Amino acid sequence: MAMAELSAPKTTSTFLNSSSRLRLSSKLHLSNHFRHLLLPPLHTAPNSKFSCSVSQNSQAPVAVQENGLAKTKKECYGVFCLTYDLKAEEQTKSWKKLINIAVSGAAGMISNHLLFKLASGAVFGPDQPIALKLLGSERSIQALEGVAMELEDSLFPLLREVDIGTDPYEVFQDVEWAILIGAKPRGPGMERADLLDINGQIFAEQGKALNKVASPDVKVLVVGNPCNTNALICLKNAPNIPAKNFHALTRLDENRAKCQLALKAGVFYDKVSNMTIWGNHSTTQVPDFLNAKINGLPVKEVITDHKWLEEGFTESVQKRGGLLIQKWGRSSAASTAVSIVDAIKSLVTPTPEGDWFSTGVYTDGNPYGIEEGLVFSMPCRSKGDGDYELVKDVEIDDYLRKRIAKSEAELLAEKRCVAHLTGEGIAYCDLGPVDTMLPGEV
Ligand SMILES: NC(=O)C1=CN([C@@H]2O[C@H](COP(=O)(O)OP(=O)(O)OC[C@H]3O[C@@H](n4cnc5c(N)ncnc54)[C@H](OP(=O)(O)O)[C@@H]3O)[C@@H](O)[C@H]2O)C=CC1
Ligand SMILES: O=C([O-])CC(=O)C(=O)O
């Protein structure tokens, strides 16, 4: 991990409130609700007051000089007093090109864990500088400034820019990754169909914005629930972006399943591999113990209590989120952030030989007979280039087939319910009383 020792220039400014510490970006269209933090360079020019040490193959962007001194802004404070020339940085050969990452719901609980992992280099690596583009709302704009201040105070060498804003058409400009977390939680007495509609509108708008302003190869990870159908809405509203680039987060379910199997088998959880979550991130999800392995052996050979696998294990994974809410009084945030890290790392690092990971992906062309046009969790592998391939030869027995069909039926019902948001006609909501729930709703 790159380390930095920062000695911030003294400021004569008396404006020490949070707004004065936020710098406006000159390269972006500005609005009252779009603010830009430009973080200090990793190495600075000899005359600057910063001294940093970073990984060997990293080279610093060039601090803008004026009369041999690093240029400062009168109204700035602390580390934000230095200006540097991003164009010069782009020309630097040995420094990886900055990547732009958007996070929505950035003032929420999951983000509060995630952003600091992203900024630390734990996700994209210790030689990958990043810019964070944080999307909030009128509700959260103050809180978002607080988040940005904490990011400043963390002195992450790899974190080069922080933008905050409320307009997805501004915040998503040129982003290469979009992690969509912000969504309305289901309140008491609220129908699931209402939730699908309210959140669906958020994801329809964000899909349109990504389509218009994001990098054409942006990778999108939808976390906000109901995440599979929200991801479907998002991709249907972004026809210029390959549908394959959209994911719904089911990695938390995979991690939960691995943990339960490890506990039962009395092994450490790194011994569990090939764990597929099939279907919806809901209580119909199917944690696949048929194809999972412990120490390279089929789970059913290691855990001979097959009744537990079919009932206890399956239900414990499906309802883990609910149990956690009972204990914690709020839904999983830290472990969700960790699972987002895992999900992204699985796309940017090669999958270990013989293994796979689970992610909710668009079903077109799948070999398992799952209805096309859904976002469905399936086993995938990656070469580490941000893309993935489905694993195509996973065995499905009658037990799995029946349960997978139930999750598929649920997703089809959700899809009918949001047809008005996917451009597929008039919505028809037939989510019945046995309609399944988010993991956290049980
Ligand atoms: N897929 C998965 O595995 C998991 C998914 N989740 C889901 O992630 C989402 C975020 O969880 P978490 O960070 O804990 O939630 P928080 O309540 O802490 O934050 C959610 C954010 O959503 C935004 N939001 C958007 N629209 C609304 C609205 N209409 N009303 C209220 N808030 C809104 C708010 O930000 P702002 O005001 O800035 O828009 C808020 O900060 C939830 O949908 C949750 O169900 C949670 C755990 C696991
Ligand atoms: O239901 C929720 O909001 C939380 C959730 O998705 C989970 O814990 O898996």
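Criteria and cut-off values
Residues numbered from 1 in each chain as written. Chains lettered and ligands numbered in written order. Predicted model: local features only at pLDDT ≥ 70, side-chain atom pairs only at ≥ 80, totals over all residues. Heavy atoms only, no water. Phe/Tyr/Trp six-rings, centres within 6.5 Å; stacked < 30°, edge-to-face > 60°. Lys NZ or Arg CZ within 6 Å of the ring centre and 35° of its normal. UniProt positions renumbered as here; feature names shortened; annotations may be inferred. Helix = DSSP H or I, 4+ residues; strand = E, 2+ residues; numbered from the N terminus. Polar contact = N/O pair within 3.5 Å; in protein donor to acceptor, adjacent residues only side chain to side chain. Contact = heavy atoms within 4.5 Å. Near = heavy atom within 4 Å. Nonpolar A, V, L, I, M, F, W, Y, C, P; charged D, E, K, R; others polar.

So what exactly am I meant to see when it comes to the packing of aromatic side chains here?
Aromatic rings considered in pairs are described by the distance between their centres and by the relative angle of their planes. Tallying each qualifying case throughout the model produces seven aromatic pairs. Put simply, the rings of Phe289, Trp308, Phe313 and Tyr399 pair up and form one aromatic cluster. Taking the ring centre of Tyr388 as reference, the NZ or CZ of Lys244 above it sits at 4.8 Å. A cation over an aromatic ring shows up here: Arg330 above the ring of Trp328, its NZ or CZ 3.8 Å from the ring centre.

Please clarify how the UniProt feature "domain: Lactate/malate dehydrogenase C-terminal" (unreviewed entry) in the chain should be interpreted in this entry.
The positions UniProt marks with the feature "domain: Lactate/malate dehydrogenase C-terminal" (unreviewed entry) are residues 250-420. Along residues 250-420 the backbone is 46% helical and 16% strand, and the end-to-end C-alpha distance reaches 25 Å.

For this particular structure, what's the right way to read the side chain of Thr276?
Structurally, Thr276 is set in strand β15 (residues 276-278). There is a polar contact of 2.8 Å between the side chain of Thr276 and the side chain of Trp356. Thr276 has contacts with Val286, Pro287, Asp288, Trp356, Ser358, Met378 and Pro379, leaving out every residue within four places of it along the chain.

Hey, could you run me through the site of ligand 1 in this one?
Close to ligand 1 lie 23 residues; Met109, Ser137, Arg139, Ser140 and Asn225 are nearest. At a separation of 2.6 Å, an oxygen atom of ligand 1 approaches a polar side-chain atom of Ser137. The contact in question runs from an oxygen atom of ligand 1 to an N or O atom on the side chain of Ser140, over 2.4 Å. Among the residues making up the shell around ligand 1, the classes are represented as 10 nonpolar, 11 polar and two charged.

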